[in-house]
Amino acid sequence: MEHRPAEHPPAPHRRAMLTAGAGVGVALMAGCARGGVPGAPAAPTAAGPAPPPTPAGGITPGAMTLFEDPAYNFGALLALGASGAGAAEVGEVLTAVNTINGAGPSSRTYVETFRELGDRLLDPPPGAPADDRTKRFRSLRAAQYHAQALFFVLGSDDPGSEEQLYRAGREAWDAFCDLCEPPAVKARVPYGTTPLPVWYFRPDTSGARRPTVILTNGSDGQNVDMWTYGVPAALERGWNALVYDGPGQGQLLFVDRVVFTPTWEKVVTPLVDWLTARSDVDPNRIALTGLSMGGNLAPRAAAFESRIAALVAMPGCVDPWLGFPPGIREILTPDKQRTNDIWNTEVVPELPPQAAEVLKKRFEPFSIPAMLEARRGELFTDFHTPATRLEALSITDVVPRIEAPTLVLDYEGEQFYPGQPRHMYDALTSPKDYVRLTAAQGAQLHCSPMAPQLHCEVVFDWLQDTVKGG
């Protein structure tokens, strides 16, 4: 990527850009009701002409607005949508929403409410002793609610509890996996000096060779999201499903302190090696999906790992750095000292608190010092290092190398990477399909938070049709 010249505009211009971009920065974390590029024509879907326009009332009208703040609203919609997969309960989520609104929405009230809900679910419900099925799905819901709290904890009054909160959600997730029928296979796959934790789900223990999907998370999701966005759909169709933490995700970030890598093929290749060594995996039918920023990571891996039989980008993302507003991106120059001087002297003093909270969350997977500073309630001082790592994730020049059949998803109101799914689709030279999920389907916004079942129907119908034979 071409850097901007070292000369930078006067401070008032930079500050004006930042102020204008702060709301967009919040949208990056939030999933606010933005309709992509203003005035841009609707993109056609794979099924035919452009979809109808967004209904009156915005992208989240009426009952879809649980919070006025778009960040909390997007998180709550994700939790509500997970109910269809057993990873949440409608009444629990709506009660939590009412509690937070009643107390006054803030990172503190959001974190406290969902943390307490997750903790409570680890105890048995009223009545008779809980059986294994009850324990299983209470653990899954606990993992969801701890993940909800984890997302906002850096902006709360207890940011130092981040690792503890992650571990609570992870324990709930592991308890759920152990109680699955059959239990998920848990393993550690070699990767550099830090193994990758994996959870391997099978429809049964027959040992039959089956197609298998590797489910790749994004920059801030947790494993419970991979359940909602793929595991049950795979199992119901007779597929195996592999969930994992890569660099910058889950255990590798919060415990092992390993940040994202731009060479994601070095992450996926050991996973494929591990799968192909199993007798219950058909090595010719291994698919790869990527959710959220995973829509950048998975395509990068597929461009270099030839054993991937099919790829799904959800959504397609060619350059995560472009998901940040211009007022943030223009801070980065080729010179580290100059960049950090601009950041610390011109930008930080003018940064609104809500935008600072967003940037703490967005930058922590790319800088361990930034993560540790955020846990102390401080804003990072080294902007250059994480920003450069983000910039390195561009796959614009890599997409044409992909040979696997590819499905690119897009969403009406995509607020993180507007326009990028179509860019990826146009750049692909492999067999390809493009599907845009819409507000008319209740599937608007990044990753269709209110319609994960529809999302999985689209993805797994396409995979079934694409990955055929033995």
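Residues numbered from 1 in each chain as written. Predicted model: local features only at pLDDT ≥ 70, side-chain atom pairs only at ≥ 80, totals over all residues. Heavy atoms only, no water.

Within strand β7 (residues 406–411), six of the six residues are buried, which leaves it mostly tucked inside the rest of the structure. Taking every second residue as pointing to the same face, both faces of β7 are buried, with Thr-406, Val-408 and Asp-410 on one and Leu-407, Leu-409 and Tyr-411 on the other. Pairing between strand β6 (residues 310–314) and β7: three bridges, direction parallel. Within β7, the position partnered with Val-312 by the bridge is Leu-407. Bridge count between β7 and strand β8 (residues 432–437): six bridges; the pairing is parallel. Note on β8: the bridge partner recorded for Tyr-411 is Leu-437. Read from β7 through helix α17 (residues 420–427) to β8, the crossover connection turns out right-handed. (Buried < 20%, exposed > 50% of the residue type's maximum accessible area, 1.4 Å probe, protein only. Helix = DSSP H or I, 4+ residues; strand = E, 2+ residues; numbered from the N terminus. Pairing = 2+ DSSP bridges. Right-handed = clockwise from strand over helix to strand, strands pointing away.)

Turning to the pairing of strand β2 (residues 196–201), a few remarks are in order. The buried count for β2 comes to six of six residues, which makes it a mostly enclosed element. With burial as the criterion, each face of β2 is covered, one bearing Leu-196, Val-198 and Tyr-200 and the other bearing Pro-197, Trp-199 and Phe-201. As defined by bridge partners, strand β1 (residues 185–189) adjoins β2 across five bridges and the pair is classed as antiparallel. Residue pairing in the sheet places Val-189 in a bridge with Leu-196 of β2. What sits between β1 and β2 in their antiparallel hairpin is a turn of six residues, with Gly-192 showing a positive phi close to 55°.

This part covers the environment of Gln-420. Along the polypeptide, Gln-420 turns up in helix α17. Measuring from C-alpha to C-alpha, the distance between Gln-420 and Leu-322 comes to 9.2 Å, with 98 residues separating the pair along the chain. Not counting chain neighbours up to four residues away, the residues in contact with Gln-420 comprise Gly-316, Cys-317, Val-318, Asp-319, Leu-322 and Gly-323. (Contact = heavy atoms within 4.5 Å.)

The next thing to look at is the confidence of the model for the protein chain. Per-residue confidence for the protein chain averages 90 on the pLDDT scale, and 87% of its residues sit at or above 70. Taken together, the stretch residues 1–56 has pLDDT below 50 and engages in 105 contacts with residues farther than four places along the chain or on a different chain. (pLDDT = per-residue confidence, 0-100.)

To continue, consider the sheet that holds β2. On the basis of which strands lie adjacent, the open sheet formed by eight strands has the order β1-β2-β4-β3-β5-β6-β7-β8 and mixed pairing. Edge positions in the sheet fall to β1 and β8, since each has one partner strand and no second. Between one strand axis and the next, the sheet turns by 20° as a mean value, whatever way the strands run. Against the sheet, helix α11 (residues 294–304) touches β3 (210–216), β5 (281–291) and β6, its axis set at about 145° to β5. (Axes fitted to C-alpha atoms, helices over the stretch in contact; angles between N-to-C directions.)

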